[in-house]
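The chain contents come next:
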Amino acid sequence: MLTPEVPMSHSVAGEPSSAGRRAVPLTTAVYSTAEWELLTTLPGRVVVAAAAPGPGRPGRGVTAGLAGLDAVAAGRAFDSDLVRAVVAAIYARHDGASPSAGRFADLGSLSTAPPGATTQALVDLLAAARAAARVLQRRADPADSAAYRQWVQSVAARVCRAEPGGDRFPGPADRRFLDRLGDALGLR
């Protein structure tokens, strides 16, 4: 089984661990590279899909994108090793650059995407969410699995509520989107 590359463990002083080798947290060691990629890309894909225009759902733009980034970053405080490891991997991929520079760069083009493109993106997202739920069922601790799936759903909910000047209650189309995502994640 392939193990994703995980940053070197450091002591409190910022020096390499005493073993001088890469430390692989148990939460990432059980996933293949493809599975880890799925788990670490799904939150960004959720932000993009939740911010995308659709039938009864206007495009949300920058405010929604920022709400999504904030929701992803909030995973750092979760009481789940898996969620914290996923967030760390998302931010580590950008080598100090803004997370929006890569994983969330598609947000700017959502308002001009043709309707069929956003429909296909939603179909693809739901398929990825179902695949992630299957991976988690096979490999994750049940508590970590539940925390990850709930966190991804909370990312979508924050984007759906975003509007300039404050949060709003998701409309019927947003609730359908959130329900479909929750079903795909196995939360219902």
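Right, let's walk through the structure included here.

Calculation criteria
- Residues numbered from 1 in each chain as written.
- Predicted model: local features only at pLDDT ≥ 70, side-chain atom pairs only at ≥ 80, totals over all residues.
- Heavy atoms only, no water.
- Core = buried A, V, L, I, M, F, W, Y, C linked by side-chain atoms within 4.5 Å.
- Buried < 20%, exposed > 50% of the residue type's maximum accessible area, 1.4 Å probe, protein only.
- Helix = DSSP H or I, 4+ residues; strand = E, 2+ residues; numbered from the N terminus.
- Contact = heavy atoms within 4.5 Å.
- Salt bridge = Lys/Arg side-chain N within 4 Å of Asp/Glu carboxyl O.
- Expected span 1.5 Å × (residues − 1).
- Axes fitted to C-alpha atoms, helices over the stretch in contact; angles between N-to-C directions.
- Parallel < 35°, antiparallel > 145°, perpendicular 65-115°, else oblique.
- Nonpolar A, V, L, I, M, F, W, Y, C, P; charged D, E, K, R; others polar.
- Phe/Tyr/Trp six-rings, centres within 6.5 Å; stacked < 30°, edge-to-face > 60°.
- Lys NZ or Arg CZ within 6 Å of the ring centre and 35° of its normal.

1. As for the nonpolar core
Within the largest apolar cluster, 46 residues are counted, with the highest numbers of intra-cluster contacts made by Leu42, Tyr148, Trp151 and Phe177. The set of elements that each furnish at least two residues to this core consists of helix H2 (33–51), helix H3 (61–73), helix H4 (81–92), helix H5 (115–139), helix H6 (142–161) and helix H7 (172–184). Those residues within four positions of leucine 42 in sequence are excluded, and the remaining contacts are Leu125, Ala128, Ala129, Ala132, Tyr148, Val152 and Leu185.

2. Some points on the pattern of salt bridges
As enumerated under the stated definition, the model contains six salt bridges in all. The closest approach of N and O atoms between arginine 158 and aspartate 70, which form a salt bridge, is 2.1 Å. A residue pair is termed long-range when its members are at least 10 positions apart, and arginine 158 in helix H6 and aspartate 70 in helix H3 qualify at 88 residues. Between arginine 188 and aspartate 179 there is a salt bridge, and its shortest N-O distance comes to 2.6 Å. With a relative accessible area of 62%, arginine 188 lands in the exposed category. Overlapping salt bridges bring together Glu35, Arg138 and Arg139 as one network.

3. Some points on H4
Compared with an ideal rise of 1.5 Å per residue, which puts 12 residues at 16 Å, H4 spans 16 Å between its outermost C-alpha atoms and is within 8% of the ideal. Within H4 the residues assigned to the buried category are Leu82, Val83, Ala85, Val86, Val87, Ala89 and Ile90.

4. Side note on the packing of H2 against H4
Relative orientation of the contacting elements H2 and H4 amounts to 80°, with a least axis distance of 9 Å. As summarised for this structure, H2 and H4 are arranged roughly perpendicular, according to the angle between their axes. On the side of H2, the interface is formed by Trp36, Leu39, Thr40 and Pro43, while H4 contributes Leu82, Ala85, Val86, Ala89 and Ile90. Of the residues belonging to the contact of H2 with H4, the class tally is eight nonpolar, one polar and no charged.

5. Let's talk about the packing of aromatic side chains
Using the criterion set out here, one finds three aromatic pairs in the structure. Their ring planes at 65° and their centres at 5.8 Å tell us that tyrosine 148 and tryptophan 151 sit as a pair that is edge-to-face. A residue pair is termed a helical-turn pair when its members lie 3 or 4 positions apart in one helix, as tyrosine 148 and tryptophan 151 do in helix H6 at three residues. The pair formed by tyrosine 148 and tryptophan 151 is uniform in burial state, with each residue classed as buried. Feature note: the residues Phe78, Tyr148 and Trp151 constitute an aromatic cluster, connected by ring pairs. Directly above the aromatic system of tyrosine 91 lies the positively charged group of arginine 76, at a separation of 4.6 Å from the ring centroid.

6. A word on the environment of glycine 61
Positionally, glycine 61 belongs in helix H3. Glycine 61 sits 102 residues away from glutamate 163 along the chain, and the two C-alpha atoms are 9.0 Å apart.

7. Things to note about the environment of aspartate 79
Assignment of secondary structure puts aspartate 79 in the loop between H3 and H4. Along the primary structure aspartate 79 and alanine 147 are separated by 68 residues, whereas in three dimensions their C-alpha atoms are 8.0 Å apart.

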